[in-house]
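Each chain, letter by letter, is given below.
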Amino acid sequence: MGNVGAKDVPVLLSPEGLRIDGRRVDELRPIKIQAGALKHADGSAFVEWGANKVMAAVYGPREVHPRHLQQNTKAVIQCKYNMAAFSVDERKRPGLDRRSQEISKVIAEALESVVFVEEFPRTSIDVYIEVLQANAGTRCAGIVAASVALADAGIPMVDLLPAVAVGKAGGALVLDLKKEEDNFGEADLPMALVPQSGRLVLLQMEGHMTPAELSQALDMGVAGCRQIYERMKAALRERYAVEPAAEGSA
Ligand code: CDP
């Protein structure tokens, strides 16, 4: 008799050290960022990252609703992270659940540490993150999309906020987990980095790592964030690059 169910667990790392999708351990999934994807928001961005598709829209600074959240010395950042019912294999029940509340909260806190909130007292900066397709790492894709959308809205920030998860899968540390690695792997460590200061403003962990692995995972994640940072800046440059004036035009 075979080991029932064992065949369901995929091989996460080949003997050659390649991952389930052929990536090396320190390789990101392909990432595409479009700044200014929506017409009606003050700022927006669309991120396709591996099989994730995430849209972020930003409004504000504007009047605070509900009123009691208003703060006299700074803007409040209100973030709504939502997964579409059709974004995952098994239809997700629409609406707020504990997971999306938690993710909305940690993203709002991370964004607050890069936005100059003191410049806009008594206002709200509203950030909507809609996950249209999910394949692990959606909170990181959401942070990337939201911070490009904030920049697109012209909201002053210390820096953009690249984010990525490092995990442990098949016994090895791997950058930017995809779904199978997240489901069957041993650990998941999402983080967001302020590139200019090197500060991490989001760090969560699920699963187990040794202290030595954690230290190596942080280095891997920071290097991954720096690569994503370049793509984020490129997306904004692409959106705002001034076309050279056509010959003969005034
Ligand atoms: O997406 P992220 O890795 O930030 O968060 P997670 O809670 O670790 O979820 C990992 C992945 O599980 C998501 O990206 C989805 O692909 C999947 N998921 C799902 O299939 N159904 C849910 N209700 C929640 C998550």
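Below is a short write-up of the structure. Note that the structure is predicted; figures quoted are calculated from it, not measured.

1. Quick look at the pairing of strand β7 (residues 172–175)
- Residue alternation in β7 divides its side chains into two sets, Ala-172 and Val-174 and Leu-173 and Leu-175, and both sets are buried.
- In this sheet, β7 lies alongside strand β6 (residues 163–169) in antiparallel orientation, the contact comprising four bridges. Its bridge partner being in β7, Gly-167 is matched across the sheet by Val-174.
- Linking β6 to β7, which pair antiparallel, is a turn of two residues; within it Gly-170 sits at a positive phi near 60°.

2. Focus: the site of the ligand
- With respect to spatial proximity, the complete set of residues near the ligand consists of Met-83, Val-88, Arg-99, Ala-134, Asn-135, Ala-136, Gly-137, Thr-138, Arg-139, Lys-179, Asp-182 and Asp-188.
- One of the side-chain nitrogen or oxygen atoms of Arg-99 is found 2.7 Å away from an oxygen atom of the ligand.
- In the complex, the protein chains occlude 78% of the 510 Å² of accessible area that the ligand would expose alone.
- Of all elements in the fold, only α2 (138–152) and α3 (179–184) reach the threshold of two or more residues within the shell around the ligand.

3. With respect to the nonpolar core
- Residues Trp-49, Val-127, Ile-129, Leu-150 and Leu-161 are the most contacted members of the largest nonpolar core, which totals 65 residues.
- Of all the elements, α2 adds the most residues to this core, at nine residues.
- If sequence neighbours within four positions are ignored, Val-127 has contacts with Ala-57, Val-58, Ile-77, Gln-78, Cys-79, Lys-80, Leu-111, Ala-146 and Leu-150.

4. Observations regarding unusual backbone geometry
- Here the bond from Gly-60 into Pro-61 is cis, since omega is 0°, no more than 30 degrees from zero.
- Within the secondary structure, Pro-61 is located in strand β3 (residues 52–62).
- The omega torsion across His-65 and Pro-66 is -5°, close enough to zero to call that bond cis.
- Following the sequence through the fold, Pro-66 ends up in the loop between β3 and β4 (76–83).

5. Observations concerning the side chain of Asp-126
- Looking at the secondary structure, you find Asp-126 in strand β5 (residues 124–133).
- The class of Asp-126 is buried, set by a relative accessible area of 7%.
- Looking at Asp-126, its side chain comes within polar contact range of the side chain of Arg-62, at 2.7 Å.
- In contact with Asp-126, other than residues within four places in its own chain, are Ala-57, Val-58, Tyr-59, Arg-62 and Gln-78.

Reading the values: the criteria
Residues numbered from 1 in each chain as written. Predicted model: local features only at pLDDT ≥ 70, side-chain atom pairs only at ≥ 80, totals over all residues. Heavy atoms only, no water. Buried < 20%, exposed > 50% of the residue type's maximum accessible area, 1.4 Å probe, protein only. Helix = DSSP H or I, 4+ residues; strand = E, 2+ residues; numbered from the N terminus. Pairing = 2+ DSSP bridges. Near = heavy atom within 4 Å. Polar contact = N/O pair within 3.5 Å; in protein donor to acceptor, adjacent residues only side chain to side chain. Areas by Shrake-Rupley, 256 points an atom, 1.4 Å probe, with all protein chains shown as cover. Core = buried A, V, L, I, M, F, W, Y, C linked by side-chain atoms within 4.5 Å. Contact = heavy atoms within 4.5 Å.

Functional significance is not addressed by these values, which are geometric in nature.
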